[in-house]
Amino acid sequence: MIARHLGRLSIAVLAATLVVSAVSRSGVSAQQPPAPQGVQPPQGPPGAPGGRGVFQLKNVQVLKDVAPDQWQLVMQYVAASLGVQCNYCAPGAPVAAGTPGMAPGGGAPGAPGAGGAPGGPGGGQGRGPGGPPAPPPVTETVDQVIAKYVQSLGGQAALQNAKTRVTTGTVTNRDLTTANLTMTEKSTGEARIELATQPNPTIRATNGMASWQIGGGGPGSGVNARDIAGFQVQQGFRLADFSLPLHIKERYQDLSVKPAYETVDGKPSVVLTGSPYPNVTEELAFDRESGLLPRRTITSGTAGGFGIMALGEQIDYSDYRDVSGVKVPFALRDSTWNAVTSEKLTDVKINAPVADTIFAKPAAQQ
């Protein structure tokens, strides 16, 4: 467990140990997740155009059994466990920030604010003599849940006819800083997310073959685009879920229905669970009455048998509105182990013209 490892390390050692640099584009490549539905994975050797981004590890003195493609995730674990941001060990003032909790009763296993089931670890009263009765067993099948979800959004035909989606709105972080948002998506998996951050905008985009980012505070941040891969891609495009309703069974392996109903926002929900990537588990909670999706929880783990806690993330969807025959959530709340952001949409356009060039990585500026 992470406590076992961190107990041997001081903050000073962590600062010298967890140094990951993206200065090299050759060597060991980062893990690449499966591409979205209908999109081929990146081709070519590491460092080649369209190839996978890589990291070069420096001054690694402990935790040497961690695979190179797991280091970024491990650094996130360390930050979450210490209750600090990345700039605690990197240049920045060493002030620990409180880790925000997720919505009451929500959260993935190992996540801040995760609640236990009644009678289970961290849960309330047991179901012994005189306790509350056992909940009724779930009667819906995977296919029935998905069919009701598709119908609640407007139906199969309406979703299939929606080829593009352009949304605009605002994103507010836990420091109450608000930035304008524009997200452009295609049903074939391309996505571009633009945040009007200061002093430079933050842009993430994927054409399904490769993904890149401008800004965001990482290596090479600023005006030039840099390749991103692995966990960064998974995290960066979780809200770009335009094609999700029609491709749930293709996206998630081992999709199944949890045996008991759960409560989300005071309403009974049926939960599907599956794996979209290796070492990642998602739970999708569907309102049993409306069929809509009010919550996703994501648990990310590490590969290679490295014992460490799981990182949780929770995405809440609300304020569904009809747009050109398709229901779209106009309010989203994304809660992770170290951040909470609220997204409010002001405009959504279905089948707006979208040029493929906006998903391509721009050339570096001199």
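The notes below deal with the structure included here. (Residues numbered from 1 in each chain as written. Predicted model: local features only at pLDDT ≥ 70, side-chain atom pairs only at ≥ 80, totals over all residues. Heavy atoms only, no water.)

**Some words on the overall build of the protein**
Moving on, step 1. Per the secondary structure count, the protein includes seven helices and 16 strands.
Moving on, step 2. Burial status across the protein gives 43% buried among its 366 residues.
Moving on, step 3. Counting only carbon and sulfur atoms, one obtains 54% of the accessible surface of the protein, whose full area is about 17,600 Å². (Helix = DSSP H or I, 4+ residues; strand = E, 2+ residues; numbered from the N terminus. Buried < 20%, exposed > 50% of the residue type's maximum accessible area, 1.4 Å probe, protein only. Areas by Shrake-Rupley, 256 points an atom, 1.4 Å probe, with all protein chains shown as cover.)

**Observations concerning the packing of aromatic side chains**
Moving on, step 1. Taken as a whole and judged by the stated rule, the model has two aromatic pairs.
Moving on, step 2. Sitting over the ring of Phe330, Arg321 keeps its end group 4.3 Å from the ring centre. (Phe/Tyr/Trp six-rings, centres within 6.5 Å; stacked < 30°, edge-to-face > 60°. Lys NZ or Arg CZ within 6 Å of the ring centre and 35° of its normal.)

**Observations concerning the nonpolar core**
Moving on, step 1. Counting residues in each nonpolar core, the largest one holds 27 residues, and the members touching the most others are Ile146, Ile248, Leu255, Leu272, Phe286 and Leu293.
Moving on, step 2. Elements with a contribution of two residues or more to this core: helix 4 (142-153), strand 11 (267-277), strand 12 (280-287), strand 14 (311-323) and strand 15 (326-335).
Moving on, step 3. If you tally residues by element for this core, the top one is helix 4, at six residues.
Moving on, step 4. Residues contacting Leu255, with those up to four places away along its chain left out, are Val142, Ile146, Ile248, Lys249, Leu272, Thr273 and Gly274.
Moving on, step 5. Formed by 18 residues, the second largest nonpolar core is a distinct cluster that contains Ile193, Leu195, Val323 and Phe330. (Core = buried A, V, L, I, M, F, W, Y, C linked by side-chain atoms within 4.5 Å. Contact = heavy atoms within 4.5 Å.)

**Some points on the pattern of salt bridges**
Moving on, step 1. Evaluated as defined, the whole model comprises 15 salt bridges.
Moving on, step 2. Taking the shortest distance from any N to any O, the salt bridge between Lys186 and Asp356 comes out at 2.7 Å. On the criterion of sequence distance, the pair formed by Lys186 in strand 4 (residues 178-186) and Asp356 in the segment after strand 16 (340-350) is long-range, its members being 170 residues apart.
Moving on, step 3. With a closest N to O distance of 3.1 Å, Arg296 and Glu282 form a salt bridge. Linking Arg296 in strand 13 (residues 295-300) with Glu282 in strand 12, this pair joins segments that are 14 residues apart in sequence. (Salt bridge = Lys/Arg side-chain N within 4 Å of Asp/Glu carboxyl O.)

**Considering empty space enclosed by the protein**
Moving on, step 1. The final tally for this structure, using the stated rule, is four cavities of 30 Å³ or more.
Moving on, step 2. In terms of lining residues, the second largest cavity is bounded by Arg165, Thr167, Met183, Leu239, Asp241, Val328, Pro329, Leu332, Glu343 and Leu345.
Moving on, step 3. Those elements giving two or more residues to the lining of the second largest cavity turn out to be strand 3 (164-172), strand 15 and strand 16.
Moving on, step 4. In terms of residues, the lining of the second largest cavity owes the most to one element, strand 15, which gives three residues.
Moving on, step 5. Counted by class, the lining of the second largest cavity contains six nonpolar, one polar and three charged residues. (1 Å grid on protein atoms, 1.4 Å probe; cavity = no way out; pocket = protein on both sides within 12 Å on 5 of 7 lines; lining within 4 Å. Points joined across faces, edges and corners; volume = space filled by probe spheres on them. Nonpolar A, V, L, I, M, F, W, Y, C, P; charged D, E, K, R; others polar.)

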